[in-house]
Amino acid sequence: MGKAALIAWREIRWEIFGDRGAVIRTGFFALLPILFVMSGRGQPGGPNDISILVLALQSTLIPALSGVALIASTFTQEKENGTLVPLLAAPIRDIDIVVGKLLGMVGPVMLICASSLGLFYVLGSFLFGGARLRDALPPQILFALLVLAFLYLITAGSWVLIIAAVVRTTRAGQQIAGLMIGLSAAIFAVLGIAAARIADGWALVGLGLAFVVADIVALEVARRVWQRGEVIGKL
Amino acid sequence: MIDVRDVSRSFGRTVALDHVSFRVEPGEIVALLGPNGAGKTTASRIIAGILAPSDGDVLVDGISVRADPGSIRSRCGMVTDQPSLYERMTLRAYLAFFCHLYDVADAARRTEELAKLLGLSDRLDVRLGAFSRGMKQKVAIARGLVHDPPVLLLDEPATALDPETARSLRSFIVSLRARHRAILLCTHDLDEAQRIADRVVVLYRGRVARAGLTGDLRADAHPRFVVSFTGDVATALDALARAGVNAEPASAENGYAALRFDADEPGTTNPAVLRALLDGGLRVITLAREERSLEDAYFAIVQEAGESNG
């Protein structure tokens, strides 16, 4: 896995932090919790515990949307610029390339998700009271939220890999990733409403299960689509 | 050494390579020629171990590409027609990255060595996006050499280079041959192939249309001769026609008239030509075999292959 880590490091150092646009886009998603908290949902009297949970969920997952665009662009750009060929010509396994690229995108985005959740927690403590935040968001829930964000990124990343193998241009990849982001945002919003009405954690469990099912389907499709010969043939 | 053994490769219903065989020995440059879509790039990708053959096998230094493509990749250096660089990286970071991918022991030293070799030492900390096309191609070559491979696969390496850079690239490739590298040069540039290739393999629609030494290929098939003389061209043509030799006017050299003719059996035809001209009262100055350019040979081979394929 040393070479996967090397690829991941290159992605982070040169493609993410070397691209101002990517940094600004990701930063924009990270600041969304401020908007959520400042919008004062649930005021007066403050939001109930479920509303706080939903706000925390959205603060964690919405920054993950930026990861979808990043993963889409990294693979389609590699194809479009022909940079995948020298990489495939090196003595590394296909899995190292895929894992390295996913890690390179998922790592920084997870950091953004964690920062966003942290920012929400700090701002929420000031606005709604520290005790209420601690009650609504115990450590295990915070951990569960981050795991959910990770699952979402892996799921979306896998599907984006499939798209990247099929489409020919970065633009087409970005457009499809945009559709995925829109769809995901809509699902998160509906989930928020559902969670507020159901008033328990079943929506979170449902989301987690949905991610796992989507992962299994994505892996099977990716296995069929991402055959080295087929991908090379399209380059 | 590269040993391509009866390799076929299909993409869906498209047959890119059809039972192709050839060899490249260490210290040898073999040019893989052919029109677009002939299968040159597919062949080099199969040899590089990044694409599996549908049928047949390739051995690189005795290792099968089917059995161990990873080892093959660590023995091949590949240079593509497009530089295909990560343009946000600096030259130093880029070469170091590939050194690490190829498990080169001292990446920093190798990076500086390669930059010096290709005259890029003063650009080590410049982002690749700021490089000219020629410099980018040099970087692509450096990338292919990071692990000092015994086999080099060069796919149109001089595409879009200015004549000066292309010339220095040719010298560099020749210097690698002197260091016992087996070099496969896929190219459209017949002049380049004629200058540096020891042998030529012509692919046409995925099949080997012709293979041989570059010199033999140029001298192949119907040998042509040029006779120069003093006197009237029409008289000479009449004299040769009477002797049963079809000739055509060739460009005059040093003020002498000249005729060109095919001679499948030079031992019979050439004396007949000389006799006919002398009997016609013409003074023969020279009679010499005309060297075909590789370009002429290539077009003749491709035309022949096209006709035999229907």
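What comes next concerns the included structure. All values reported here derive from a predicted model rather than from experimental measurement.

We now examine the overall build of chain A. Summing up its helical and strand segments, chain A has eleven helices and zero strands in all. Taken from N to C terminus, the helices and strands of chain A fall in the order α-α-α-α-α-α-α-α-α-α-α. A burial count over chain A gives 41% of its 235 residues as buried. The contacts in chain A between residues at least 6 apart in sequence include a share of 88% that link residues at least 24 apart.

Chain B puts 24 residues into the contact, and the matching count from chain A is 20 residues. The set of elements that each furnish at least two residues to the side of chain B that touches chain A consists of α2 (69-75) and α3 (91-101) of chain B. Of the residues in the side of chain B that touches chain A, the class split is 14 nonpolar, six polar and four charged.

Residues and elements named next belong to chain B. Bridge count between strand β1 (residues 2-11) and strand β4 (residues 55-60): five bridges; the pairing is antiparallel. Counted as the bridge partner of Arg5 is Asp57 from β4. As paired strands, β1 and strand β2 (residues 14-24) are joined by seven bridges and run antiparallel to one another. Residue pairing across strands places Ser10 opposite Val15, the latter belonging to β2. Counting the residues in the hairpin turn of β1 and β2 gives two residues, including Gly12, whose phi is positive at 65°.

Glancing now at helix α2 (residues 20-30) of chain A. Residues and elements named next belong to chain A. Residues of α2 that are buried include every one of Thr26, Phe29 and Ala30, and no others. The buried residues of α2 occupy an angular sector of 105° when the element is viewed end-on, so they sit on one face. The exposed set on the far side of α2, more than 90 degrees from its buried face, consists of Arg20, Gly21, Ile24, Gly27 and Phe28.

Let's shift gears to the environment of Cys99 of chain B. Mapped onto the secondary structure, Cys99 of chain B falls in helix α3. When the C-alpha positions of Cys99 of chain B and Thr111 of chain B are compared, they lie 7.7 Å apart, and in sequence the two are twelve residues distant.

With that settled, consider the pairing of strand β13 (residues 256-262) of chain B. All names here are of chain B. Here strand β11 (residues 224-230) pairs with β13 via six bridges, running antiparallel. Pairing of Val226 across the sheet is with Arg260, part of β13. Sheet analysis places strand β12 (residues 247-253) next to β13, joined by five bridges and oriented antiparallel. Its bridge partner lying in β13, Ala247 is registered against Phe261.

All names here are of chain B. Read from one edge of the open sheet, four strands run β12-β13-β11-β14, paired in antiparallel fashion. In this open sheet, the two edge strands, each paired with only one partner strand, are β12 and β14 (283-290). Adjacent strand axes in the sheet meet at a mean angle of 25° when their direction is disregarded.

The next point concerns the sheet that holds β4 of chain B. Residues and elements named next belong to chain B. Read from one edge of the open sheet, four strands run β2-β1-β4-β5, paired in antiparallel fashion. The open sheet terminates on both sides in strands that have one partner only, identified here as β2 and β5 (63-64). Against the sheet, helix α1 (residues 40-47) engages β1, β2 and β4, with an angle of about 120° to β1.

Core analysis: the biggest nonpolar cluster contains 132 residues, and Leu32, Ile47, Ile183, Leu184, Leu185 and Val202 of chain B have the highest contact counts within it. The biggest single contributor to this core is helix α4 (residues 49-81) of chain A, with 16 residues. Setting aside its immediate chain neighbours within four residues, Ile47 of chain B contacts Ile2, Val4, Val58, Val60, Cys76, Leu153 and Leu184 of chain B. If you look at the next biggest cluster of nonpolar residues, it comprises 14 residues, including Phe229, Ala239, Ala247 and Val273 of chain B.

With that settled, the discussion passes to helix α6 (residues 163-178) of chain B. Residue and element names in this part refer to chain B. For α6, spanning 16 residues, the distance from its first C-alpha to its last is 23 Å, which sits close to the expected 22 Å at 1.5 Å a residue. Residues of α6 that are buried include every one of Leu169, Ile173 and Leu176, and no others. An end-on view of α6 places all buried positions within 55° of arc, on one side of the element. For α6, the exposed residues set more than 90 degrees away from the buried face come down to Pro163, Glu164, Ser171, Ser175 and Ala178. If you follow the buried residues of α6, they end up packed against β3 (28-33), β7 (151-155), β8 (182-186) and α7 (190-196). Remark: His180 follows α6 within two positions and exhibits a positive phi of approximately 65°.

Definitions and limits used
- Residues numbered from 1 in each chain as written.
- Chains lettered and ligands numbered in written order.
- Predicted model: local features only at pLDDT ≥ 70, side-chain atom pairs only at ≥ 80, totals over all residues.
- Helix = DSSP H or I, 4+ residues; strand = E, 2+ residues; numbered from the N terminus.
- Buried ≥ 20, exposed ≤ 12 C-beta atoms within 10 Å, placed from the backbone.
- Contact = placed C-beta atoms within 7 Å.
- Nonpolar A, V, L, I, M, F, W, Y, C, P; charged D, E, K, R; others polar.
- Pairing = 2+ DSSP bridges.
- Arc of directions from axis to C-beta.
- Axes fitted to C-alpha atoms, helices over the stretch in contact; angles between N-to-C directions.
- Core = buried A, V, L, I, M, F, W, Y, C linked by C-beta atoms within 7 Å.
- Expected span 1.5 Å × (residues − 1).

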